[in-house]
Amino acid sequence: MPRRPALKVSRGSERSSSRGGRPSRRAAVRTRGSTRTGSRGAPRAAVVHVAMKQALRKGALRDCSQRCVYCATHLDQRTATLDHVVPLARGGAHDPGNLVVACAPCNRLKSDLLPFEFFARHPWAGANFIRYARNVTRAIKRGARRAVSLAFASEALAA
């Protein structure tokens, strides 16, 4: 198969503008293709998204002492999955204060439950969460403490 020529971008007229002789950004015209590509032909936005997700996972892994915040098993870059403490489906944000690392089974177990719902069902996970989740917001951590203490209290009354 013949190779396609590289994407050519023309800057329009080379007249000097009011910004120090540079052509304006509006003058840029694409001659062929609709998306810019990064390495290996992948769209540049996708490459940036993957790099951002890897950086978030690496930071969350460091902040959680390389442990699953729910079952405390040791994780590495390959086995760690990002978990939104307050799920995106339930109004959570995609920011570092809402991200922790979890092993895949715990991430599936939590699913799209809110933290207090999950910790009420599994208080052992809440106890580990309080210990290992260092970078979550104060409100999330405070709610986790309440849910864990209520779950353990209700277990003690039932026994």
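Refer to the structure above for everything that follows.
Owing to the predicted nature of the structure, the values given are computational and were not obtained by experimental measurement.

**Points about the pairing of strand β4 (residues 99-102)**
Right, on to step 1. The alternating pattern of β4 places L99 and V101 and V100 and A102 on opposite faces, both of which are buried.
Right, on to step 2. Relative to β4, strand β3 (residues 81-84) runs antiparallel, the two being bridged by 4 bridges. Within the sheet, the bridge partner assigned to L82 lies in β4 and is V101.

**Description of the side chain of K110**
Right, on to step 1. Inspection of the secondary structure puts K110 in helix α2 (residues 104-110).
Right, on to step 2. In contact with K110, not counting residues within four places along its chain, are Y70, D83, H84, V85, P87 and F118.

**A word on the packing of aromatic side chains**
Right, on to step 1. All told, the structure shown has 5 aromatic pairs when counted by the stated rule.
Right, on to step 2. Measuring from ring centre to ring centre gives 5.2 Å for Y70 and F118, while their planes differ by 80 degrees; the resulting arrangement is edge-to-face. Highlighted residues: Y70 in the loop between α1 (44-63) and β3 and F118 in helix α3 (residues 115-121), separated in sequence by 48 residues. Comparing Y70 with F118, the two get one shared label, buried.

Criteria and cut-off values
- Chains are numbered independently. Their residues run from 1 in the order of the written sequence.
- Since the coordinates come from a predicted model, pLDDT governs what is reported: local features require at least 70, and pairs of side-chain atoms require 80 or more to be given and counted, while whole-chain, interface and lining totals use all residues.
- Calculation of side-chain values draws on the structure's entire complement of heavy atoms; hydrogens and water are dropped beforehand.
- Note on exposure labels: buried denotes an accessible area under 20% of the residue type's maximum, exposed denotes more than 50%, and partly exposed covers the range between, all computed with a 1.4 Å probe on protein chains only.
- Only DSSP runs of H or I reaching four residues or more are called helices, and only runs of E reaching two or more are called strands; each is numbered from the N terminus.
- Strand pairing requires that DSSP identify at least two bridges connecting the strands.
- Contact criterion: two residues are considered in contact whenever any of their non-hydrogen atoms come within 4.5 Å of each other.
- Planes of paired rings set the category: under 30 degrees apart is stacked, over 60 is edge-to-face and the rest tilted, where pairs are Phe, Tyr or Trp rings (Trp by its six-membered ring) whose centres lie within 6.5 Å.

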